[in-house]
2 protein chains.
Amino acid sequence: MALGDKVRNNQVLLRHFVTGFPKDSDFELRESTIELSIPQGSGVPAVLVKNLYLSCDPYMRTRMAKSLQVKGYVDSFQPGSPISGYGVSRVIDSSFPKLKVGDYVWGFTGWEEYSLITEPEKLFKIDHTDVPLSYYTGLLGMPGMTAFAGFYEVATPKKGEKVFISAASGAVGQLVGQFAKLFGCYVVGSAGSKDKVDLLKNKFGFDEAFNYKEEPDLDAALKRCFPEGIDIYFENVGGKMLDAVLLNMNVHGRIPICGMISQYNLDKPEGVHNMAMTIFKRVKMEGFLVFDYYHLYQKFLETVLPQIKEGKIVYVEDFAEGLENGPAALVGLFSGRNVGKQVVIVSHE
Amino acid sequence: MALGDKVRNNQVLLRHFVTGFPKDSDFELRESTIELSIPQGSGVPAVLVKNLYLSCDPYMRTRMAKSLQVKGYVDSFQPGSPISGYGVSRVIDSSFPKLKVGDYVWGFTGWEEYSLITEPEKLFKIDHTDVPLSYYTGLLGMPGMTAFAGFYEVATPKKGEKVFISAASGAVGQLVGQFAKLFGCYVVGSAGSKDKVDLLKNKFGFDEAFNYKEEPDLDAALKRCFPEGIDIYFENVGGKMLDAVLLNMNVHGRIPICGMISQYNLDKPEGVHNMAMTIFKRVKMEGFLVFDYYHLYQKFLETVLPQIKEGKIVYVEDFAEGLENGPAALVGLFSGRNVGKQVVIVSHE
Ligand SMILES: NC(=O)c1ccc[n+]([C@@H]2O[C@H](COP(=O)([O-])OP(=O)(O)OC[C@H]3O[C@@H](n4cnc5c(N)ncnc54)[C@H](OP(=O)(O)O)[C@@H]3O)[C@@H](O)[C@H]2O)c1
Ligand SMILES: NC(=O)c1ccc[n+]([C@@H]2O[C@H](COP(=O)([O-])OP(=O)(O)OC[C@H]3O[C@@H](n4cnc5c(N)ncnc54)[C@H](OP(=O)(O)O)[C@@H]3O)[C@@H](O)[C@H]2O)c1
């Protein structure tokens, strides 16, 4: 294919706004076409990219809703238009001086084969291609940065502290656990299947792990794993787990609130009853967004790239092959279908 | 009365452990006697004090329960024994070198006319007696220190920020509001009666105030008072108010969690549903206890004493006259009977 050719451009559209749990059928695949060059005379610098890997991220649930809970956070998807999200792409045309044809980038792109990106300054150029490119949707992309910022900057860990992580085998959780182990913490994770628990203990080196779906009493499970209490809870799920954790926090404990995936599909979120524990135990809970920490991205790469090369950090990805399998992969996050970082492969090169 | 005399020593006892809302009748008055000198040969330094003012504080509810929610926080009262709490007292005998007869002190004492204090090192000697002594149960004592630490240390305010305070006319709240106004913030408080709302606006200089009992929709009340959102919520009550506040927090807002008085008498605390707002808004919630900040007490006095003398800080107290009226004053906290800091006068000198 040459620049200027008109080619097929399959796209994933949102069919309608979603309430409750999202379903595969809330999305549809549309076959359209695109001309492989940046339209003339648009005036603003742009890049045309070929999308290679798309990232399935829980926050995308927010964008499937008509009225966003929070203004200024992210925009809703538009029914009938291709959805968007993080991805890894190759530049095939550019009117943006900092990116040239052949460069690899990660950042916001469309769920389609080719995307015209009109805010190219928001993309991250990929300088290190001696690691799997898909890592830039996970380990070396937004979720990796989230784990890094949430653990080091928000949780302010001390060596020897006791760390609990929920949704621990996921894109973010598996990294938080490995960072915490490398830092010298005692680390326990929860996840939703026996296989995930095995991964936590045997692949990621967690000290303990449990399947929260098989624990009738989360408080008891936490007391079993943390006879001396929890210093840091890396919060990914919210709801009942948070309530149980609050009963087990140590004095001056910290709870970086990264996400609350168990609440995203509920019309009315569950109530958290044990908030008063934060007073007696002087606990700090802090919601954070990765967007506030991207200035640390270079530092993050300098820390993590060598750790990957030395085998100190490993990463598990779950690939869905083909854009047409993207919707199922995306909605699968909310039933725990994914084992590790969920990626959609649009094209292998 | 001379040292060594045997005198009447009325005491307030807990009759039995309390569940639900505490009642006057959960306490009883016992007439006993005491010898006005430190018993010989006890070995440890002690002081014998005459109690002047006793402080009614919401945390005392915790101590009326048999099983404390949290170990190591405070001890339960013992049924059949006099209860204890903060108070202002005069030393009438001392085997503790740092305190001498005639000194005034504040700190933990018994709900009785005279108390033998066997941990005198925990008392604060009162050096400034040119202010009402009762202030050392409130403005210049534990609640004052709580307001100071919670506002300046935990909330880390910035000039011009928008501050909301619940239970705003109480011992702690009225001070937080005045500190925040002096600091250059926009300040709104909620309280449970028209008179209290008037106090907030007309005596303490709050910008706005509302009676939460007359607001069918707390979210709407907050949106009315904070069209631009809340930067700091000084949390005294918990429950529904916290839920409504979470919907109105600004990005990077802070919630020092001082207390949750609306929850202390419930068997099962209410659920807080809007916790996920902390993520989108990057809100920090931090439970704190005044005990962790007493090292700032001298700095606090140096700040606040001049402000009192210059009339920049005022303080409203609510006096119950006589130990026998103590229980009603104490339980009155939980129905909002008190207007300002609730003090029990045991003796005028
Ligand atoms: N603050 C930020 O900037 C930021 C950035 C990225 C991600 N996040 C948040 O971080 C969290 C993890 O994201 P991720 O990308 O690492 O996703 P992920 O863990 O790879 O995938 C989501 C996982 O959540 C678990 N889950 C789904 N429903 C659940 C429920 N009802 N209760 C408990 N667990 C449930 C499932 O694992 P199980 O099989 O273990 O249930 C599922 O595999 C999410 O809450 C996300 O919103 C926040
Ligand atoms: N963290 C610490 O170290 C520390 C230290 C001191 C105090 N505190 C906490 O700070 C808060 C205020 O204490 P304070 O000494 O200043 O007490 P206070 O405000 O002088 O007295 C308690 C007031 O709380 C209000 N209240 C009672 N039940 C309520 C309910 N269900 N909902 C809403 N408001 C209710 C009442 O006022 P209304 O008429 O306005 O309802 C009552 O007058 C309490 O939660 C206390 O536990 C914490």
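All values reported here derive from a predicted model rather than from experimental measurement.

Colleague: What is the right way to look at the side chain of B:Lys196 in this model?
Modeller: Residues and elements named next belong to chain B. Checked against the element boundaries, Lys 196 lands in helix H4 (residues 194–203). No salt bridge is formed by the buried Lys 196. Its closest oppositely charged neighbour is Asp 318, at 7.4 Å. Here Lys 196 is in contact with Ser 169, Ala 191, Gly 336, Asn 338 and Val 339, once residues within four sequence places are set aside.

Colleague: Whenever I open this one, the site of ligand 1 confuses me. Can you help?
Modeller: Residues and elements named next belong to chain A. Taken together, the neighbourhood of ligand 1 is formed by 27 residues, with Val 172, Lys 196, Tyr 212, Tyr 264 and Asn 338 sitting nearest. Here ligand 1, which alone exposes 900 Å², has 91% of that area covered by the protein. In the shell around ligand 1, the residues fall into 17 nonpolar, nine polar and one charged.

Colleague: So what exactly am I meant to see when it comes to the site of ligand 2 here?
Modeller: Residues and elements named next belong to chain B. Around ligand 2 there are 26 residues in total, and Lys 196, Tyr 212, Tyr 264, Val 290 and Asn 338 lie nearest to it. One of the side-chain N or O atoms of Asn 338 is found 2.6 Å from an oxygen atom in ligand 2. Expressed as a share of its isolated accessible area of 910 Å², the protein-covered part of ligand 2 is 91%. Taken together, the residues of the shell around ligand 2 break down into 17 nonpolar, eight polar and one charged.

Colleague: Which parts of the structure should I look at to understand the pattern of salt bridges?
Modeller: Side-chain pairs of opposite charge can arise whenever the charged atoms involved come near each other. For the coordinates displayed, the defined rule picks out 34 salt bridges over all chains. A:Arg224 is paired through a salt bridge with A:Glu215; the nearest N and O atoms lie 2.8 Å apart. Judged by its relative accessible area of 19%, A:Glu215 is buried. The salt bridge partner of B:Asp219 is B:Lys223, with a shortest N-O separation of 2.6 Å. Residue B:Asp219 and its partner B:Lys223 are located together in helix H5 (residues 218–225), separated by four residues, close to a single helical turn. Take B:Asp219: its relative accessible area is 21%, and that puts it in the partly exposed class. Classification of B:Lys223 as partly exposed rests on a relative accessible area of 42%. Each of A:Lys158, A:Glu161 and A:Arg254 takes part in salt bridges that share partners, so that together they form one network.

Colleague: Looking at this structure, I do not really get unusual backbone geometry. What am I missing?
Modeller: For residues that are not glycine, phi is negative in most cases, and the peptide bond is trans in most cases. A positive phi angle, close to 40°, is found at A:Thr156, a residue other than glycine. Among the structural elements, A:Thr156 can be located in the loop between helix H2 (142–154) and strand S8 (162–165). You will see that B:Arg282, though not glycine, has its phi angle at about 50°, which is positive. Among the structural elements, B:Arg282 can be located in the loop between helix H7 (277–280) and strand S13 (284–287). Taking relative accessible area as the criterion, B:Arg282 reaches 18% and is therefore assigned buried.

Colleague: What should I look at first to understand the state of the cysteines in this one?
Modeller: A disulfide bridge is the covalent bond that connects two cysteines by way of their sulfur atoms. Inspection of every chain in the model, using the stated rule, returns zero disulfides over all chains. Cysteine A:Cys185 remains unbridged, with the sulfur of A:Cys225 as its closest cysteine sulfur at 16 Å. On the basis of relative accessibility, which here comes to 3%, the residue A:Cys185 falls in the buried class. Its sulfur unpaired, B:Cys258 is 17 Å from the next cysteine sulfur, which belongs to B:Cys56. A relative accessible area of 16% places B:Cys258 in the buried class.

Colleague: Would you explain the relation of the copies chain B and chain A in this entry?
Modeller: Each of the two chain copies can be generated from the other by rotation about an axis followed by a shift along it. Of the two same-sequence chains, chain B is brought onto chain A (RMSD 0.0 Å, axial shift 0.0 Å) by a rotation of 180°. Here the transformation between the copies is reduced to the relation of a two-fold axis. Taking the C-alpha atom as reference, chain B places B:Gly271 closest to the rotation axis, 1.9 Å from it. Residue by residue, 100% of the interface of chain B is reproduced at the interface of chain A, so both copies engage with the same surface.

Colleague: It is not clear to me how the side chain of A:Glu317 should be interpreted in this structure. Could you clarify?
Modeller: Residue and element names in this part refer to chain A. Mapped onto the fold, Glu 317 is located in strand S14 (residues 317–321). For the buried residue Glu 317, which engages in no salt bridge, the nearest side chain bearing the opposite charge is Lys 341, 8.4 Å off. Polar contacts involving the side chain of Glu 317 include one to the side chain of Ser 134, which spans 3.0 Å. The residues contacting Glu 317, other than those within four sequence positions of it, are Ser 134, Tyr 135, Val 339, Lys 341 and Val 343.

Colleague: What is the right way to look at the packing of helix H2 (residues 142–154) of chain B against helix H8 (residues 297–309) of chain B in this model?
Modeller: Each packed pair of helices is defined by two parameters, the angle between the axes and the distance between the axes. Residues and elements named next belong to chain B. At a minimum axis separation of 11 Å, H2 and H8 run at an interaxial angle of 95°. On the basis of their axis angle, the class for H2 and H8 is roughly perpendicular. In this structure, H2 uses Gly 144, Met 145, Phe 148 and Glu 153 to contact H8, whose residues at the interface are Tyr 297, Lys 299, Phe 300 and Thr 303. Split into classes, the residues belonging to the contact of H2 with H8 amount to four nonpolar, two polar and two charged.

Colleague: Teacher, can you tell me more about the interface of chain B and chain A here?
Modeller: Where the parts come together, the accessible area they lose is often given as the size of the interface. Across the boundary between the two partners, chain B contributes 30 residues, which contact 30 residues of chain A. Between chain B and chain A we count two salt bridges in total. Between chain B and chain A we count twelve residue pairs in polar contact (both at pLDDT 80 or more) in total. Elements represented by at least two residues in the side of chain B that touches chain A include exactly strand S12 (249–257), H7 and S13 of chain B. Residues belonging to the side of chain B that touches chain A are distributed by class as follows: 16 nonpolar, seven polar and seven charged. Pairing of strand S13 (residues 284–287) of chain A with S13(B), which is carried by three bridges, proceeds in the antiparallel orientation. Paired with A:Lys284 across the two strands is B:Glu286, which belongs to S13(B).

Colleague: Help me understand the environment of A:His348 in this model?
Modeller: All names here are of chain A. As for its placement among the helices and strands, His 348 is situated in the segment after strand S15 (341–345). A C-alpha to C-alpha distance of 9.6 Å links His 348 and Glu 321, two positions 27 residues apart in sequence. At 2.8 Å, the side chain of His 348 and the side chain of Glu 321 are in polar contact.

Colleague: When you look at the packing of aromatic side chains in this model, what are you seeing that I'm missing?
Modeller: What characterises a pair of aromatic rings is the spacing of the ring centres plus the angle enclosed by the ring planes. Counted according to the given criterion, the structure contains 44 aromatic pairs over all chains. Ring plane angle 70° and centroid distance 5.1 Å describe the contact between A:Phe151 and A:Tyr152, whose orientation is recorded as edge-to-face. Measuring from ring centre to ring centre gives 5.9 Å for B:Tyr152 and B:Phe183, while their planes differ by 70°; the resulting arrangement is edge-to-face. Of the two residues, B:Tyr152 sits in helix H2 while B:Phe183 sits in helix H3 (residues 173–183), which places them 31 residues apart along the sequence. A residue is classified by how much of its surface remains accessible, and B:Phe183, at 29% relative accessible area, is partly exposed. By the ring-pair criterion, three or more aromatic residues cluster together here, those being A:Tyr86, A:Trp106, A:Phe108, A:Phe124, A:Phe148, A:Phe151, A:Tyr152, A:Phe179, A:Phe183, A:Tyr294, A:Tyr297 and A:Phe300.

Colleague: Mind showing me how you'd approach the pairing of strand S12 (residues 249–257) of chain A here?
Modeller: Looking along a regular strand, one sees the side chains alternate between the two faces of the sheet. Residue and element names in this part refer to chain A. Summarising burial for S12: seven of the nine residues are buried, a large majority. Bridge analysis of strand S11 (residues 230–234) against S12 gives two bridges, and the strand direction is parallel. Each residue of the ladder has a partner; that of Ile 230, found in S12, is Met 249. Handedness of the β-α-β unit built from S11, helix H6 (residues 240–246) and S12 comes out right-handed. Relative to S13, S12 runs parallel, the two sharing four bridges. Paired with Ile 255 across the two strands is Met 285, which belongs to S13.

Rules behind the numbers
- Residues numbered from 1 in each chain as written.
- Chains lettered and ligands numbered in written order.
- Predicted model: local features only at pLDDT ≥ 70, side-chain atom pairs only at ≥ 80, totals over all residues.
- Heavy atoms only, no water.
- Helix = DSSP H or I, 4+ residues; strand = E, 2+ residues; numbered from the N terminus.
- Buried < 20%, exposed > 50% of the residue type's maximum accessible area, 1.4 Å probe, protein only.
- Lys, Arg positive; Asp, Glu negative; His and termini not counted.
- Salt bridge = Lys/Arg side-chain N within 4 Å of Asp/Glu carboxyl O.
- Contact = heavy atoms within 4.5 Å.
- Near = heavy atom within 4 Å.
- Areas by Shrake-Rupley, 256 points an atom, 1.4 Å probe, with all protein chains shown as cover.
- Nonpolar A, V, L, I, M, F, W, Y, C, P; charged D, E, K, R; others polar.
- Polar contact = N/O pair within 3.5 Å; in protein donor to acceptor, adjacent residues only side chain to side chain.
- Disulfide = S-S within 2.5 Å.
- Least-squares fit on C-alpha atoms with pLDDT ≥ 70 in both.
- Axes fitted to C-alpha atoms, helices over the stretch in contact; angles between N-to-C directions.
- Parallel < 35°, antiparallel > 145°, perpendicular 65-115°, else oblique.
- Pairing = 2+ DSSP bridges.
- Phe/Tyr/Trp six-rings, centres within 6.5 Å; stacked < 30°, edge-to-face > 60°.
- Right-handed = clockwise from strand over helix to strand, strands pointing away.

Geometric descriptors of this kind do not, in isolation, establish any biological role.
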